[in-house]
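Each chain, letter by letter, is given below.
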Amino acid sequence: MNGVDIQADGYAIEVKRLIKSYGEHHALRGIDLSVKWGDILAIFGPNGAGKTTLLKVLATLVKPSAGDVSVAGFNLKQDAIMIRRRIGVVTHQTLLYDDLSAYENLRFYGKMYDVSNLRDRINHLVAQVGLESRIHDPVRTLSRGMQQRLAIARALIHDPPVLLLDEPGTGLDQHASAMFATILNSAANKQRAVLMTSHSLEQGAALSSRVAIMADGKIAYEGSKQLDIGNLREVYYQCTGVKD
Amino acid sequence: MQSLKRNALSMSSLLGLTFVTMLAAQLLVFIYVPTEETMGVVQRIFYFHVPLAWNSFIAFAVVFVCSILYLRRRDMKWDRLARTSAEIGFLFASLVLITGTIWSKTAWGTWWAWDPRLTTTLILWFIYLAYLLISAYATEESRGARYAAVIGIIGFLDVPIVALAIILWRTQHPGPIIFEGGLTGAMLLTLMVCILAFTLLYFCLLVQGTSLRRDRNEVKMLKRSIDEGK
Amino acid sequence: MYRSEGLKGSADKILTIVWKDIKSEIRTKEIATSLVAFALLVIIVVSFALEPGENTSTIAAGILWVAFTFAGVLGLSRSFVLEKDKGCLQGLMLCPVDRSLLYLGKMLSILVFMLVVEAIIVPVFIVLFNQHGFPPQLLVIVPLATIGFAAVGTLFSAMAVNTRARDVMMPLLFLPIAAPVIIAAIKSTGLVLSGESWGAIASWLGVMAAFDVIFLAVSPLVFEFVIEE
């Protein structure tokens, strides 16, 4: 296992007064957020609310304009590289090289992440996502569903404790959904923390332990999932003015 | 209010000083300095060509410094300064090429003789063009500012090497070189005053251009907040 | 605990990136074949403008480097287009490595591709233009110039891929900046093809070396500003 030092009592993700502006466009207007180890947080919001921007900031892809961010105990400004070692990111792009095989893709990322016992790890992950028979075929020959499963394997190659998922519900086939559920279950064991953005209130609410709603670059509502789906819809409409 | 008044006062004095110096320069160029023997009346273009060339390089140095400052501090003010300086530099470089070409045609009979200094200015002109286009063509505005800053830095570091390569080239294959020859006292004085006048003009344009940019930005932001308030 | 990133670790990561690119290219042969074909076509088309048999070494050198420059611009732009696809550039940015290592990896792989293409084209060129044998100085001139191309070309490719009119932006950025290298390459190649030796081309080699050193030092530092979102 590629073990990572997790402080079980600390926060997996901590965000204070996060602001991100692109020129005059303010994508994030002061976000305060904390995610504990074991949490599965689902963030909902209409397009343009800033969910993806928030995720990108946490993934160290976008630099904040102001505010404090720490992920897995490391400060974003000083230790971005340490953060990258401890996060796994899944977006709607697969981040896979079409002309290389599944094995070669995983090997590439595995080497970039300094994964030890790489071959065993690759075989283990490929078995988990059910792609053993196609492991040496070029990615461009795999179906979309298979590519998505491989993308999940890619995100997990270095066994990251923090998972950032951008709208993961879309386009998953049943294998991928099953894989997903396993990941989320392991989170409940306090070994991981998951933050996902979602378009679908139903799917997101079913999978998560806490929910938040973003509108216009701010968090409009946050709470543990005690509301049922009907009330959640109501709150969503109140916060965003948009019907789910 | 006080600082606004102070700014307005210093701006007016800068403008006034520039006006006076430029007026003096015109008098010197067209009335005071005697016509040069070999090259004739057209030689007077020299007194505009050289200061313009000088300032187009100064403008690029300013772009360089402001680009570095922008990338470090991400304060839009440095980006505004850099872009305004680049626009002025581009204008000046264009004028250098035009005056140089006119001069070349009348003095040597050819429009373009691959003179080392003009050729270097031509490449500089293209680097300026790349700088201006990249900020226009970038997919988002903040990206454009960053890309332009990178071009500003790379381009500035490149210019000495460009000059070196072109001078090496033209020494091996010499052609007519324009604007050579000694300067008399009167000519030197005229040239100095012209350089001063154009440098002051550059600073005027820089200050005005930058504050115009800033005001334009503010208007845009105000419009946006009105739209959002609706 | 993870290995710390020392010199060996960095070199390892760079080579991992280079090897990935080479593997992809061996599968598709996309870059190599199109560049070789393109360079040959440029040489042939430019030759239409000149009478065969009349070409001095200087003119021939010019034709060769015009071909390499245009093919180079094409090849350099491909470098990041392939990464932009499927979001792989984001994948690279998520890796726990210094962004400058990403630059060096991409630069080295495109350098390798261009050198391979040039190694094919130069002998063909010598035959087509009836030059008297292969001047050994070319083994220094060509790599020196190509390193310069790759150094700034990688940077500009990463920029151009994020702009509108990206096919036009790339040459617009590249050609003025790389002008000293182009001039130096043409002049020195012309000299050695007409029988001159090292002494004659020393200053041109100096120009290219200076260019290479400066931009290999500066580009990795500014690369981070180019790929961040």
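Calculation rules
- Residues numbered from 1 in each chain as written.
- Chains lettered and ligands numbered in written order.
- Predicted model: local features only at pLDDT ≥ 70, side-chain atom pairs only at ≥ 80, totals over all residues.
- Heavy atoms only, no water.
- Contact = heavy atoms within 4.5 Å.
- Buried area = accessible area lost by both parts, 1.4 Å probe.
- Salt bridge = Lys/Arg side-chain N within 4 Å of Asp/Glu carboxyl O.
- Polar contact = N/O pair within 3.5 Å; in protein donor to acceptor, adjacent residues only side chain to side chain.
- Helix = DSSP H or I, 4+ residues; strand = E, 2+ residues; numbered from the N terminus.
- Core = buried A, V, L, I, M, F, W, Y, C linked by side-chain atoms within 4.5 Å.
- Buried < 20%, exposed > 50% of the residue type's maximum accessible area, 1.4 Å probe, protein only.
- Nonpolar A, V, L, I, M, F, W, Y, C, P; charged D, E, K, R; others polar.
- pLDDT = per-residue confidence, 0-100.
- Pairing = 2+ DSSP bridges.
- Axes fitted to C-alpha atoms, helices over the stretch in contact; angles between N-to-C directions.
- Expected span 1.5 Å × (residues − 1).
- Arc of directions from axis to C-beta.

Right, let's get into the interface of chain B and chain C. Size of an interface, as often reported, equals the accessible area lost when the parts are brought together. Listed per partner, the contact involves 31 residues of chain B and 30 residues of chain C. Counting the surface lost from both chain B and chain C, the interface buries some 2,900 Å², and carbon and sulfur atoms represent 75% of this. For B:R74, the salt bridge identified is with C:E228, shortest N-O distance 3.2 Å. Our count for the contact surface shared by chain B and chain C stands at seven residue pairs in polar contact (both at pLDDT 80 or more). Secondary-structure elements contributing two or more residues to the side of chain B that touches chain C are α4 (116–137) and α5 (141–172) of chain B. Here the side of chain B that touches chain C takes 18 residues from α5(B), the largest share from any one element.

One finds A:L164, A:L195, C:W65 and C:F156 to be the most contacted residues of the largest nonpolar core, which totals 227 residues. Once residues lying within four places of it in the same chain are set aside, the contact partners of C:F156 are B:I151, B:I154, C:M170, C:L173, C:F174 and C:I177.

Side-chain pairs of opposite charge can arise where the charged atoms are in close proximity. Counted under the stated rule, the structure contains 21 salt bridges over all chains. A:D137 is the partner of A:R134 in a salt bridge, and the nearest nitrogen-oxygen pair spans 2.6 Å. The shortest N-O distance in the salt bridge between C:E30 and C:R78 comes to 2.4 Å. Of this pair, C:E30 sits in helix α2 (residues 30–48) while C:R78 sits in helix α3 (residues 57–84), and the two are 48 residues apart along the sequence. Owing to a relative accessible area of 30%, C:R78 belongs among the partly exposed residues under this scheme. Within the structure, one salt-bridge network assembled from shared partners comprises A:K63, B:R74, B:R146, C:E224 and C:E228.

The subject of this paragraph is the interface of chain A and chain B. Contacts between the two partners involve five residues from chain A and, on the opposite side, eight residues from chain B. Contact with chain B buries surface across chain A, with A:Y22, A:G23 and A:E24 losing the most and accounting together for 76% of the total. Taken together, the links from chain A to chain B amount to zero salt bridges. The interface formed by chain A and chain B includes zero residue pairs in polar contact (both at pLDDT 80 or more). Residue classes in the side of chain A that touches chain B are distributed as one nonpolar, one polar and three charged.

Residues and elements named next belong to chain B. Turning to its location among the elements, L189 is positioned in helix α6 (residues 185–229). On the accessibility criterion, L189 (41% relative accessible area) is partly exposed. Separated by 15 residues in the primary sequence, L189 and C204 have C-alpha atoms spaced 23 Å apart.

Another aspect to go through is the confidence of the model for chain B. Regions with low pLDDT should not have their predicted coordinates read in detail. Overall, the predicted model of chain B reaches an average pLDDT of 86, with 93% of residues at or above 70. The element-level mean pLDDT for chain B is lowest in helix α1 (residues 2–32) of chain B, coming to 81, with helix α2 (residues 46–73) of chain B highest at 93.

Here we take up the environment of A:D99. Along the chain, A:D99 turns up in the loop between β6 (87–90) and α3 (102–112). A sequence separation of 139 residues divides A:D99 from A:Q238, and the C-alpha atoms of the two residues are 47 Å apart. Residues within four places of A:D99 in sequence aside, it is in contact with A:P138, A:R140, C:S24, C:R27 and C:T28. A polar contact is formed between the side chain of A:D99 and the side chain of A:R140, at a distance of 2.6 Å.

With that settled, the discussion passes to unusual backbone geometry. Working note: non-glycine residues mostly have negative phi, and peptide bonds are mostly trans. The phi dihedral of A:L95 falls on the positive side, at around 60°, and the residue is not glycine. Summarising the element assignment, A:L95 is placed in the loop between β6 and α3. Even without a glycine there, the phi angle at C:A165 is positive, about 50°.

A separate point is the sheet that holds strand β3 (residues 40–44) of chain A. Strand pairing within a sheet occurs via backbone hydrogen bonds; the two strands may be parallel or antiparallel. All names here are of chain A. Spatially, the six strands line up as an open sheet ordered β6-β7-β8-β3-β9-β10, and their pairing is mixed. Both outer strands of the open sheet, β6 and β10 (218–224), are each paired with one neighbouring strand and no more. Pairs of neighbouring strands in the sheet enclose a mean axial angle of 15°, with direction left out of account. Across the sheet, helix α5 (residues 144–156) is in contact with β6 and β7 (162–166); its angle to β6 comes to roughly 165°.

The next subject is helix α4 (residues 118–129) of chain A. All names here are of chain A. Here α4 is twelve residues long and its end C-alpha atoms lie 17 Å apart, about the 16 Å a rise of 1.5 Å per residue gives. Along α4, the residues classified as buried are L118, R121, I122, L125, V126 and V129. Projected down its long axis, α4 carries its buried residues within an arc of 130°, all on one side. For α4, the exposed residues set more than 90 degrees away from the buried face come down to R119 and D120.

What follows concerns the side chain of C:T163. Structurally, C:T163 can be placed in the loop between α6 (138–160) and α7 (166–193). A distance of 2.8 Å separates the side chain of C:T163 from the backbone oxygen of C:A160, its partner in a polar contact. Contact partners of C:T163, with chain neighbours within four places excluded, come to B:I134, B:Y137, B:A138, B:T139, B:Y147 and C:M169.

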